[in-house]
Amino acid sequence: MQLPAKDTLPAPLNTELQGLDALDSVGGVSERPLNVFIGHNLGHRVFTLSIPFMEFYEMSDVANHPDAGRVAQRRLDTSHAQKLAIYMLKGLVSAAKLKRISQGKDVPAVFDAILHEMGSQPYFSLQPIVCSIRGVAPGGSDIGGKRLVSDGETAAFKIYLAQKHVLWVIDGQHRREAANAVVLFLKHVRGVGKYPAKTPVLFPRKGADVSDEEALVWEEVYSTMRSYATITVEVHLGLSVDQERQLFHDLNQLGKRVDRSLALEFDSSNPVTHFIKEEIVASGLVQVTDKDPKNWSDDKGTLALKDLVAVNAIAFLNKGNVAGATPAIVEPRQETVLRMWEVISDADGFGEEKAKEKTILAQPVVLKAIAKLVYDFKFNRRRPENGDEQFDKLLEGLRDVDFSHANPVWRFYELSERERISEGIAELIHYLPEDDGANRDPGSYQDGLMRFGAKHNDIFPLIGDMIRWQIGLDNRHN
């Protein structure tokens, strides 16, 4: 039986004996039955189905190897796949918890403990994966199937895919690879009784023993992955390689990226962004905005959320972004970073109307410099023996630092040696890095305003040195 051209009621299945060649021509005797919905995406017939994680990986493949000669995919980004695997694993723990609730069972506290350790969030979901079945007639008219009827109405269709009918992934190869990493992780945990210390490392306590209570969770997650939690797949039928490539382009290029600040505002999964919303913004220490005004005279004393996240990423992680942050890292450091923000928010002009014209503290690059000092004194593995003392001295000294635009320290590189002596800042040279050809242009001083440049990674270490010198902190170059 073949699928009808317009999904009319199919004829009965052919039960007559056929030769092996005939059977092989339609896919062999080991056909896989699948329940699907049939739709027409912009007029093209597609199947939509839900498949358990493990089953999907076995049924699918990715055309991204040049030797195949039919490439319709980019190369795999293993780092991105691992991030997705961590997300999937958290989602599966949540799914196992929801499964127990739906069955009327109690949920042990260890479920929430594991979710918290990995970084919980309000909701989990995966977007559908888009695939293509090659080697069939356009629209899949030569794929066997039958209508499933309930109360006289079509409920779904049952189709029969042969072993040769591979689901070639068009959009979702990283989700596919992530699903496989989750499978490998769970097999390792269940078989060895330890969390993987090497790839795939999807759990914060890598190499640690799995407790009996945690083992119960992972057993239920494994069972959930095999049956309860599914991946939704949209299957296109009989596409050529050129059509697959076009579909890959359209799915990945025609979407509009979410604005960075909006994405951060909506995300509740990362412990750093959660800290910002619950501790910094909610307490009124900093007011946030979607975008900073280009004209400083329009400044309302707010900070763009993306800049606030970048500053905290340095303070907590010494990174330019919050990727990889876990509660185990962030939560013990929250009190320290909160103290930093309390001191900053008390500074003259900060958070006020036209703050950028009143204080250089309103420029994110200066906040990054302070955040870097906090990290180096409190959290850096190579922090000095007197790090705690230096940190306390930093917070106390910040209250007395002149963060006005007029302070000649900020324009040290614009001044001549005679001007530096005249301003009493000549000794600052010993706190700054030697001239090694790197960028030493922190910004420009015009019309009474010190405007720092856009190359923050080059600039904020210099500002940090200037702050060290003014407070009398240890010289990082010694």
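Up top is the structure.
All values reported here derive from a predicted model rather than from experimental measurement.

Asker: Describe the overall build of the protein chain, naming the residues involved and giving the relevant values.
Answerer: Broken down by element type, the protein chain carries 17 helices and 12 strands. Each of the three principal axes of the protein chain carries a C-alpha extent, and together these read 105 × 50 × 45 Å. In the protein chain, which comprises 478 residues, the share counted as buried stands at 47%. Pairs at least 24 residues apart make up 70% of the contacts formed inside the protein chain by residues separated by at least 6 positions. Accessible surface for the protein chain amounts to roughly 25000 Å². Of this, 48% is attributable to carbon and sulfur atoms.

Asker: Kindly report on the packing of helix 12 (residues 334–345) against helix 15 (residues 387–398), identifying the contributing residues and their values.
Answerer: Running from amino to carboxyl end, helix 12 crosses helix 15 at an angle of 20 degrees, the nearest separation of the two axes being 9 Å. Taken together, helix 12 and helix 15 sit at an angle that is classed as roughly parallel. Handedness of the helix 12/helix 15 crossing: left-handed. Side by side, helix 12 and helix 15 meet where Thr336, Arg339, Met340 and Val343 of the first sit next to Phe391, Asp392, Leu395 and Leu398 of the second.

Asker: Please give an account of helix 12 that cites residues and values.
Answerer: Under the 1.5 Å per step criterion, the end-to-end length of helix 12 is 16 Å for 12 residues, consistent within 8% with the ideal 16 Å. Looking only at helix 12, the buried set comprises Thr336, Val337, Leu338, Met340, Trp341, Val343, Ile344 and Ser345. Against the buried residues of helix 12 lie helix 9 (271–281), helix 10 (305–317), helix 14 (364–378) and helix 15.

Asker: So what's going on with the packing of helix 14 against helix 17 (residues 456–471)? Residues and values would help.
Answerer: Running from amino to carboxyl end, helix 14 crosses helix 17 at an angle of 65 degrees, the nearest separation of the two axes being 8 Å. Between helix 14 and helix 17, the angle is such that the two are roughly perpendicular. When you trace helix 14 past helix 17, the crossing you get is right-handed. Every residue of helix 17 that contacts helix 14 at Pro364, Val365, Val366, Lys368, Ala369, Ile370, Lys372, Leu373, Asp376 and Phe377 is listed here: His456, Ile459, Phe460, Ile463, Gly464, Ile467 and Arg468. When its residues are assigned to classes, the contact of helix 14 with helix 17 shows 11 nonpolar, two polar and four charged.

Asker: Give me a nonpolar patch on the surface: which residues, what numbers.
Answerer: Together, Leu98, Ile101 and Tyr228 line one region of the surface with nonpolar side chains, adding up to about 300 Å² of accessible area. When you line up the elements, Tyr228 lands in helix 6 (residues 212–228).

Asker: An account of helix 10 is requested, with residue identities and associated values reported.
Answerer: The end-to-end C-alpha separation of helix 10 is 17 Å, in line with the 18 Å expected for 13 residues at 1.5 Å each. Turning to helix 10, its buried residues number three or more, namely Leu305, Asp307, Leu308, Val309, Ala310, Val311, Asn312, Ala313, Ile314, Ala315, Phe316 and Leu317.

Asker: I'd like a description of the packing of aromatic side chains, backed by residues and values.
Answerer: Within this structure, the stated rule accounts for 10 aromatic pairs. For the ring pair Phe403 and Trp410, a centre distance of 5.9 Å and an interplane angle of 10 degrees mean the geometry is stacked. Looking at Phe403, the relative accessible area reads 7%, which means it is buried. What links up through ring pairs into an aromatic cluster is the set Phe185, Tyr195, Phe203 and Trp218. Above the face of the Tyr445 ring, Arg411 is positioned so that its terminal group lies 4.5 Å from the ring centre. Sitting above the plane of the Trp296 ring, Arg451 keeps its charged end 4.0 Å from the centroid.

Asker: Got a sec to walk through the pairing of strand 1 (residues 32–41)? Specific residues and values, please.
Answerer: The sheet contact formed by strand 1 and strand 6 (residues 153–161) spans five bridges and is antiparallel. Within the sheet, the bridge partner assigned to Leu34 lies in strand 6 and is Ile159. Where strand 1 and strand 2 (residues 44–52) come together, five bridges link them in antiparallel fashion. Its bridge partner being in strand 2, His40 is matched across the sheet by Arg45.

Asker: Report on the sheet that holds strand 3 (residues 60–61), specifying residues and quantitative values.
Answerer: Read from one edge to the other, the open sheet built from eight strands follows the order 3-7-4-8-2-1-6-5, with strand pairing classed as mixed. Among the strands making up the open sheet, the edge pair consists of strand 3 and strand 5 (144–150). The pairing of strand 5 with strand 6 spans seven bridges and is classified as antiparallel. Bridge pairing in strand 6 links Lys146 to Lys158. Against the sheet, helix 7 (residues 241–253) touches strand 4 (129–133), strand 7 (167–171) and strand 8 (230–237), its axis set at about 40 degrees to strand 7.

Asker: Outline the side chain of Lys368, listing residues and values.
Answerer: With respect to the element layout, Lys368 can be found in helix 14. Those residues in contact with Lys368, other than ones at most four positions away along the chain, are Ala310, Val311, Ile314, His456 and Phe460.

Asker: Residue-level account of the nonpolar core, with values.
Answerer: Grouped burial of nonpolar side chains is what soluble globular proteins tend to show. Counting 64 residues, the largest nonpolar core has Trp341, Phe403, Trp410 and Ile467 as its most contacted members. Ranked by residue count, the leading element in this core is helix 14, at 10 residues. Dropping the residues within four chain positions of it, Ile467 is found in contact with Ile370, Leu373, Leu394, Leu398, Phe403 and Trp410. Counting 57 residues, the second-largest nonpolar core is a separate cluster that includes Val36, Ile51, Phe56 and Ile114.

Asker: Please set out the pattern of salt bridges residue by residue, giving values where relevant.
Answerer: If you walk through the whole model with that rule in mind, you get 18 salt bridges. Of the charged contacts, one joins Lys97 and Asp112 as a salt bridge, the two residues approaching to 2.7 Å between their closest N and O atoms. Here the residue Lys97 occupies a position in helix 3 (residues 78–102), and Asp112 occupies one in helix 4 (residues 109–118), the gap between them amounting to 15 residues. Look at Lys97 and you get partly exposed, because its relative accessible area is 22%. Since its relative accessible area comes to 38%, Asp112 is described here as partly exposed. For Lys194, the salt bridge goes to Asp209, with nearest N and O atoms at 2.5 Å. Of this pair, Lys194 sits in the loop between helix 5 (173–192) and helix 6 while Asp209 sits in the loop between helix 5 and helix 6, and the two are 15 residues apart along the sequence.

Asker: An account of unusual backbone geometry is needed here, citing residue identities and associated values.
Answerer: Backbone geometry places Asn318, a non-glycine residue, at a positive phi of 60 degrees. Of note, Asn318 is situated in the loop between helix 10 and helix 11 (327–330). Judged by relative accessible area, Asn318 falls into the partly exposed class, the value being 34%. Positive phi, normally seen in glycine, also occurs at Asp447, with a value near 50 degrees. Within the secondary structure layout, Asp447 lies in the loop between strand 11 (443–446) and strand 12 (449–452). Taking relative accessible area as the criterion, Asp447 reaches 81% and is therefore assigned exposed.

Parameters and conventions
- Sequence order sets the numbering: in each chain, residues are counted from 1 along the sequence as written.
- With the structure being a predicted model, the display of local features is reserved for residues of pLDDT at least 70 and the display and counting of side-chain atom pairs for 80 or more, all residues being used for whole-chain, interface and lining totals.
- Processing note: side-chain calculations cover all non-hydrogen atoms of the structure and skip hydrogens and water entirely.
- Starting at the N terminus, helices and strands are each numbered in turn, a helix being any DSSP run of H or I of at least four residues and a strand any DSSP run of E of at least two.
- Type-normalised accessible area, obtained with a 1.4 Å probe on protein chains alone, sets the label of each residue: buried when under 20%, exposed when over 50%, and partly exposed for intermediate values.
- When checking whether two residues touch, look at their non-hydrogen atoms; a contact exists if any pair is within 4.5 Å.
- Only the protein chains shown count as covering a residue, and every accessible area follows the Shrake-Rupley method with a 1.4 Å probe.
- Note on geometry: axes are lines fitted to C-alpha atoms, helical ones only across the stretch in contact, with angles between N-to-C directions running from 0 to 180 degrees.
- Throughout, the term roughly parallel applies to angles under 35 degrees, roughly antiparallel to angles over 145, roughly perpendicular to angles from 65 to 115, and oblique to all others.
- For any helix crossing, the convention is left-handed if the near helix is rotated counterclockwise from the far helix by under a right angle, and right-handed if that rotation is clockwise.
- Helix span is expected to be 1.5 Å times the residue number reduced by one.
- Throughout, the ten residues Ala, Val, Leu, Ile, Met, Phe, Trp, Tyr, Cys and Pro are labelled nonpolar, Asp, Glu, Lys and Arg are labelled charged, and all others, Gly among them, are labelled polar.
- Each patch is assembled from residues with relative accessible area greater than 30% and no salt bridge, linking like charges that lie within 9 Å and nonpolar side chains (Val, Leu, Ile, Met, Phe, Trp, Tyr) that lie within 5 Å.
- Basic side-chain nitrogens of Lys or Arg form a salt bridge, by our definition, when they fall within 4 Å of a carboxyl oxygen of Asp or Glu.
- Between rings of Phe, Tyr and Trp, where Trp is taken as its six-membered ring, a pair exists when centres lie within 6.5 Å; planes separated by under 30 degrees are stacked, by over 60 edge-to-face, and by other angles tilted.
- Charges are assigned to positions over rings by a cutoff of 6 Å between ring centre and Lys NZ or Arg CZ, combined with an angular limit of 35 degrees from the ring normal.
- The rule for pairing is simple: two strands pair if DSSP sees at least two bridges between them.
- Nonpolar core, defined: a set of buried Ala, Val, Leu, Ile, Met, Phe, Trp, Tyr and Cys residues in which side-chain atoms within 4.5 Å join the residues together.

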